[in-house]
Amino acid sequence: MAVASFPIDEAYLIGGWLESFVWGVYTTMFAMTAYTIYQKRREDINKFTTITLVLLYVLATSHMSLALVRLIQGFVLFRDVLDPILYFANIGVRLNVAKDFIYITTLSLGDLVIVWRLYVVWGKNLYIAFLPFLLCLGELAVGYGSISYWLAPKQNFTVMGRLGSTLFILSLVANILVTLVIAGRIWWVSRRTRKALGVAGGHYQRVLLLIIESGALVAGAKLIEFTLYKLAPVNGLDGLNAMYIVYECMPQITGLAPTCIIYLVNKGFTQKDTAYSTKPKTSMLFHSPNGTGPSAQTSTMVSTAVFAPGPDHDAEYSFNDKALHKTSSSPSSSMV
């Protein structure tokens, strides 16, 4: 069955337009996230995620700027001497090589932020994050190696094609793996906390936050990109070149996803980092009126909550993974 045709010049034009749109959304989210970081400037700010956040935005903006220059060259400056299809099919030009180096760097940095989130939600467990971290390093090395071939006197297109496929596979495997492991951990911790507190949250809101915090948007985009990459022709002169639509947008999507995660964490829409710790540190205190409150003591991983005190008796509740210990001084109690 013949593969549908999608000209490469149209793909780059549509990709450039979509990239500028996503960049606008990204810029808004970056400004909002930067403001939340400024608000927390007197607290412990994570230097890694903050520096990476800025670098991702700078790289994404640089990528969009070079993409705009390339569109102007292909459709305006060189249109009388070179057909746009031939211009955009020549991905070895220095301008495009620089853009691809930014693409690889952005993808690797964005993946490292997602791996950092994996490390945090698993109670800062190095063993859980070790394999995804290696995959990110492999992705960076293979990507740089593939693009560097364009700078060599002779290009080995067979090796370059294999390196390109390896790059997409490593990136896709890393993202799917990290997404599933993060999503599973967040779901389990949230479910345990809701059961302990007897609170039912909004189902659709939980699903949306889970998708954003786990990095599922990046994994989905990379899956589409890889599928279209396998369908794309070698020379770009004919066949289905729709891959370049997603390819142009990936630096923006890769930067936007970690920025949204940092924003959600700073605004308190997600569990605090201590909630994912395997060693509970905080507790909940309930104070009851005279003679009505049981006394109990356990520990919980949710934030401390204090209710109005009664004159004499206190009741302290906390929830452990294994059991709830409770001793009561009266058959019934009430909270104020």
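Residues numbered from 1 in each chain as written. Predicted model: local features only at pLDDT ≥ 70, side-chain atom pairs only at ≥ 80, totals over all residues. Heavy atoms only, no water.

Asks: For this particular structure, what's the right way to read the packing of aromatic side chains?
Replies: Both the distance between ring centres and the angle between the ring planes are used here to describe each pair of aromatic rings. Applying the stated criterion across every chain yields a total of 15 aromatic pairs. Ring geometry for Phe30 and Tyr57: centres 4.3 Å apart, planes at 5 degrees, overall stacked. In this pair, Phe30 sits in helix H1 (residues 8-39) while Tyr57 sits in helix H2 (residues 47-77), placing the two residues 27 residues apart along the sequence. Of the residues examined, Tyr57 reaches a relative accessible area of 16% and is grouped as buried. Put simply, the rings of Tyr12, Phe75, Phe78, Tyr87, Phe88, Tyr103, Tyr244 and Tyr247 touch in pairs and so form one group of aromatic residues. Its end group placed over the ring of Tyr12, Arg70 keeps NZ or CZ at 4.9 Å from the ring centre. Residue placement shows Arg185 over the ring face of Trp122; its charged tip is 5.1 Å from the ring centre. (Phe/Tyr/Trp six-rings, centres within 6.5 Å; stacked < 30°, edge-to-face > 60°. Helix = DSSP H or I, 4+ residues; strand = E, 2+ residues; numbered from the N terminus. Buried < 20%, exposed > 50% of the residue type's maximum accessible area, 1.4 Å probe, protein only. Lys NZ or Arg CZ within 6 Å of the ring centre and 35° of its normal.)

Asks: Please explain helix H9 (residues 243-266) as it appears in this structure.
Replies: Within an α-helix, residues lying three or four positions from one another point in the same direction, as the helix has 3.6 residues per turn. Compared with the 34 Å implied by 1.5 Å per residue over 24 residues, the 35 Å span of H9 between its first and last C-alpha is a close match. Bending of H9 peaks at approximately 45 degrees at the position of Met250, with proline Pro251 no more than four residues after it. For H9, a buried count of 22 out of 24 residues is recorded, marking the element as mostly surrounded by other parts of the structure. Downstream of H9 by a residue or two, Gly268 has a phi angle that is positive, lying close to 80 degrees. (Expected span 1.5 Å × (residues − 1). Bend = angle between axes of the 7 residues up to and from the residue.)

Asks: Mind showing me how you'd approach the nonpolar core here?
Replies: General note: in soluble globular proteins, nonpolar side chains tend to be found buried as a group. Grouped together as the largest cluster of nonpolar side chains are 31 residues, with contacts concentrated most on Tyr103 and Tyr244. Where this core is concerned, the elements lending two or more residues are H1, helix H3 (84-89), helix H4 (94-121), helix H5 (126-148), helix H6 (157-197), helix H8 (216-231) and H9. Excluding anything up to four places from it in sequence, Tyr103 contacts His63, Phe168, Glu225, Tyr247, Met250 and Pro251. Among the nonpolar cores identified, the runner-up in size contains 17 residues, and Phe30, Leu56, Ile102 and Leu256 belong to it. (Core = buried A, V, L, I, M, F, W, Y, C linked by side-chain atoms within 4.5 Å. Contact = heavy atoms within 4.5 Å.)

Asks: Where do I start with the packing of H4 against H9 in this structure?
Replies: The packing of two helices is summarised by the inter-axis angle and the distance between the axes. Packing of H4 against H9 brings their axes to within 9 Å, and their N-to-C directions diverge by 25 degrees. Regarding the angle of H4 to H9, the classification is roughly parallel. Regarding H4 and H9, the two cross each other, and that crossing is left-handed. Residue-level inspection shows Lys99, Asp100, Tyr103, Thr106, Leu107, Gly110, Val113, Ile114 and Arg117 of H4 in contact with H9, the latter providing Tyr247, Glu248, Met250, Pro251, Thr254, Pro258, Ile261 and Val265. Here the residues of the contact of H4 with H9 sort into 10 nonpolar, 3 polar and 4 charged. (Axes fitted to C-alpha atoms, helices over the stretch in contact; angles between N-to-C directions. Parallel < 35°, antiparallel > 145°, perpendicular 65-115°, else oblique. Left-handed = near helix turned anticlockwise from the far one by under 90°. Nonpolar A, V, L, I, M, F, W, Y, C, P; charged D, E, K, R; others polar.)

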